[in-house]
Amino acid sequence: MSIKAYAAMAAKDELTPFEYTPEALQDDEVEVRVSHCGVCHSDIHLIDDDWGVNLFPLVAGHEVVGEVSAIGVGVTNMAVGDRVGIGWICGSCNKCERCATGDSNFCTSAQGTIIGRHGGYADKVRAKERFVFHIPEGLASDTTAPLMCAGTTVYTPLKSYDVKPWMRVGVIGIGGLGHLALQFYRAWGCEVIAFSTSEDKREEALSLGAHDFICTKDEAQLLKYQGNIDFILSTPYASFDVNPYFTMLGPRGKFCIVGAMGNVEVNTMNLLTGNKSLCGSENGNDETVREMLQFAERHQIGAKIQKMAFDQINEAIDIVRNDQAKYRIVLTNE
Ligand code: NAP
Ligand code: ZN
Ligand code: ZN
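Structural notes, computed from the coordinates. The structure displayed is predicted, hence computed values, not measured ones.

### With respect to unusual backbone geometry
For step 1, the next point in the chain: Along the chain, phenylalanine 56 connects to proline 57 via a cis peptide bond; the corresponding omega equals -5 degrees.
For step 2, the next point in the chain: When you line up the elements, proline 57 lands in the loop between helix H1 (41–47) and strand S4 (64–71).
For step 3, the next point in the chain: Residue tyrosine 327 is reached from lysine 326 by a cis peptide bond, and omega for that bond is -10 degrees.
For step 4, the next point in the chain: Among the secondary structure elements, tyrosine 327 is positioned in the loop between helix H11 (313–321) and strand S17 (328–332).
For step 5, the next point in the chain: Phi at lysine 12 takes a positive value of approximately 70 degrees, unusual for a residue other than glycine.
For step 6, the next point in the chain: Here lysine 12 lies in the loop between strand S1 (3–7) and strand S2 (16–20).
For step 7, the next point in the chain: Notably, asparagine 283 is not glycine yet its phi reads approximately 35 degrees, a positive angle.
For step 8, the next point in the chain: Its place among the elements puts asparagine 283 in the loop between strand S15 (277–280) and helix H10 (286–299).

### Some thoughts on H11
For step 1, the next point in the chain: Those residues of H11 not exposed but buried are Ile313, Ala316, Ile317, Ile319 and Val320. All buried residues of H11 lie within an arc of 160 degrees about the axis, which places them on one face of the element.
For step 2, the next point in the chain: Buried residues in H11 make contact with S1, H1, strand S16 (305–309) and S17.
For step 3, the next point in the chain: Once H11 ends, the next one or two residues include aspartate 323, with phi positive near 65 degrees.

### A look at the site of ligand 1
For step 1, the next point in the chain: The local shell around ligand 1 holds 28 residues, among which Ser196, Thr197, Ser198, Lys201 and Arg328 are the closest.
For step 2, the next point in the chain: One nitrogen or oxygen atom from the side chain of histidine 41 is found 2.7 Å from an oxygen atom belonging to ligand 1.
For step 3, the next point in the chain: The separation between an oxygen atom of ligand 1 and a polar main-chain atom of asparagine 283 is 2.8 Å.
For step 4, the next point in the chain: In isolation ligand 1 has 930 Å² of accessible area, and contact with the protein removes 89% of it.
For step 5, the next point in the chain: When atoms are counted within 2 Å of each cavity's grid points, the one that captures over half of ligand 1 is the largest pocket.
For step 6, the next point in the chain: If you list the elements that add at least two residues to the shell around ligand 1, you get H1 and helix H5 (176–188).
For step 7, the next point in the chain: Per-element tally for the shell around ligand 1: the top contributor is H1, with 3 residues.
For step 8, the next point in the chain: Among the residues making up the shell around ligand 1, the classes are represented as 10 nonpolar, 14 polar and 4 charged.

### Looking at the coordination of the zinc ion (ligand 2)
For step 1, the next point in the chain: At 2.0 to 2.3 Å from the zinc ion (ligand 2) lie its protein donor atoms, namely Cys40 (SG), His62 (NE2) and Cys149 (SG).
For step 2, the next point in the chain: Expressed as a motif, the donor residue spacing for the zinc ion (ligand 2) is C-x21-H-x86-C. Taken as a pair, cysteine 40 in the loop between strand S3 (29–38) and H1 and cysteine 149 in the loop between helix H3 (141–144) and helix H4 (150–160) lie far apart in primary sequence, 109 residues in all.
For step 3, the next point in the chain: The exposure class of cysteine 40 is buried, given its relative accessible area of 3%.

### Section: the side chain of serine 234
For step 1, the next point in the chain: When you line up the elements, serine 234 lands in strand S13 (residues 229–234).
For step 2, the next point in the chain: Note on serine 234: relative accessible area 0%, which makes it buried.

### Comments concerning the sheet that holds strand S10 (residues 168–172)
For step 1, the next point in the chain: Read across the sheet, 6 strands follow the order S12-S11-S10-S13-S14-S15 without closing on themselves; strand pairing throughout is parallel. Every other strand in the sheet has two partners, leaving strand S12 (212–215) and S15 as the edge strands with one partner each. Mean inter-strand twist for the sheet, computed between neighbouring axes without regard to direction, equals 20 degrees.
For step 2, the next point in the chain: In terms of strand pairing, S13 meets strand S14 (residues 249–257) through 5 bridges, oriented parallel. In the sheet register, isoleucine 229 faces S14, and the bridge partner there is leucine 249.
For step 3, the next point in the chain: Where H5 meets the sheet, it contacts S10, strand S11 (191–196) and S13, and its direction lies at approximately 165 degrees from that of S10.

Definitions and limits used
- Residues numbered from 1 in each chain as written.
- Chains lettered and ligands numbered in written order.
- Predicted model: local features only at pLDDT ≥ 70, side-chain atom pairs only at ≥ 80, totals over all residues.
- Heavy atoms only, no water.
- Helix = DSSP H or I, 4+ residues; strand = E, 2+ residues; numbered from the N terminus.
- Buried < 20%, exposed > 50% of the residue type's maximum accessible area, 1.4 Å probe, protein only.
- Arc of directions from axis to C-beta.
- Contact = heavy atoms within 4.5 Å.
- Near = heavy atom within 4 Å.
- Polar contact = N/O pair within 3.5 Å; in protein donor to acceptor, adjacent residues only side chain to side chain.
- Areas by Shrake-Rupley, 256 points an atom, 1.4 Å probe, with all protein chains shown as cover.
- 1 Å grid on protein atoms, 1.4 Å probe; cavity = no way out; pocket = protein on both sides within 12 Å on 5 of 7 lines; lining within 4 Å.
- Sits in = over half its atoms within 2 Å of the grid points.
- Nonpolar A, V, L, I, M, F, W, Y, C, P; charged D, E, K, R; others polar.
- Donors = N, O, S within 2.8 Å, 3.2 Å for Na, K, Ca; no water.
- Pairing = 2+ DSSP bridges.
- Axes fitted to C-alpha atoms, helices over the stretch in contact; angles between N-to-C directions.

See the structure below:
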C-alpha cells in the first residue's frame, strides 16, 4: 500500500505529487484517511526552510481531521471509521515522567507530525493512539481541522500562564492563530483586545470576540491601554518592536510569544518595572488537546476558513505565505 502526498523536494519549491510506502503499522499506531488539513504558517516556515532544518522531501500538514482507516493490534480506544484529528505532535515515549505527568509534549522523544516523517498533505497520515483525538459530535470537520494545531497553541497558555476570566488580555496578529485566540479568550471570560497591522480586519475581529480593536500602525491608538493589560499573546511570524506592549502590561503582566518571530529585543527596564515576564509557549500536551476540543464544542468555536481542494495546494501555500488568508485555508479531499 502506498500513500499519495504532496511534497516539497527542496526549500521554497512548489509541492509536487509524491508517493511513498509506509512501514508496517506499529501496534500503538493509528492510520487516518485525511478529509481536511489546515495550512499553518509553521508548514510555510518548514517548506521555506526558515529554521534551517532541511527536512526534504517534506510532506507538511499537521492540522488533520479524517477517519481512522487502520489500527495497530494494541490500539484500544479507536476503531476504523472513527472521526479523529491529529496535530503538531504524533508520538512520545509514553513511559517517562513527563509523559506520565501531563508534559507529553516535552517528552525527549516527542515526535513532530512533520519533523522527519510525512504529514497530512496526503491521503493518509499516521500517529500514535495517544495523539489521535476523537472530534466531538458538535464540531464540523472543516472548521475544526485548524484547532488541531492553532487551537491547541492559543488555548494552552490560558492554563499554563494562569489567565483568569476577569483579566484583560491582548492578542497580537489576527491570522490563523490570532482569530482563534479571540474566540477562545472571549469564551474563557476575558476582556479581549485585538492588535493588528490590518485596519480592514476590525469588523471581523470584533465579530469573532474582540471587545476592542487597535490598529498598530496608528501610534495614537497604541497609547490607549497603558499599564492595564494582564496578558498578551503574540502570534506574528515576523519581527516587530515588542517594547510598547510592556508599557501596556500591568504589574506582573505576561507577554507570551507563540509566533516564530526570530530575535526579540526587550529593554530590561520594561521587565523590571512591575515584575513583568516575557515567556513562550509551544503547542500543547495531549490532555490539553482533548480539553480544548470539548471547550470548542461547548462554545461553538471554529476557524473561519477558505476551503480549497488538495490539488490547489500550491495556490493555498502562496496565499498564506503572502499573508492573504482569511483566516485559515483548509485543504479538503472531500
Ligand atoms: P498567519 O495565519 O500567517 O498569521 C500571522 C499574522 O501575523 C498575520 O495575519 C498578521 O496579522 C500578523 N503579521 C504578519 N506580519 C506581521 C508583521 N510584520 N508585524 C506584525 N504582525 C504581522 O500565521 P499563523 O498560522 O497564525 O502562525 C503564526 C506564527 O505562529 C508562525 O510563526 C507559526 O510558525 C507560529 N506557530 C507557533 C506554534 C507554537 O507551538 N508556538 C504553533 C503554530 C504556529 P495582522 O494582519 O492582524 O497584523
Ligand atoms: Zn501549526
Ligand atoms: Zn516520554
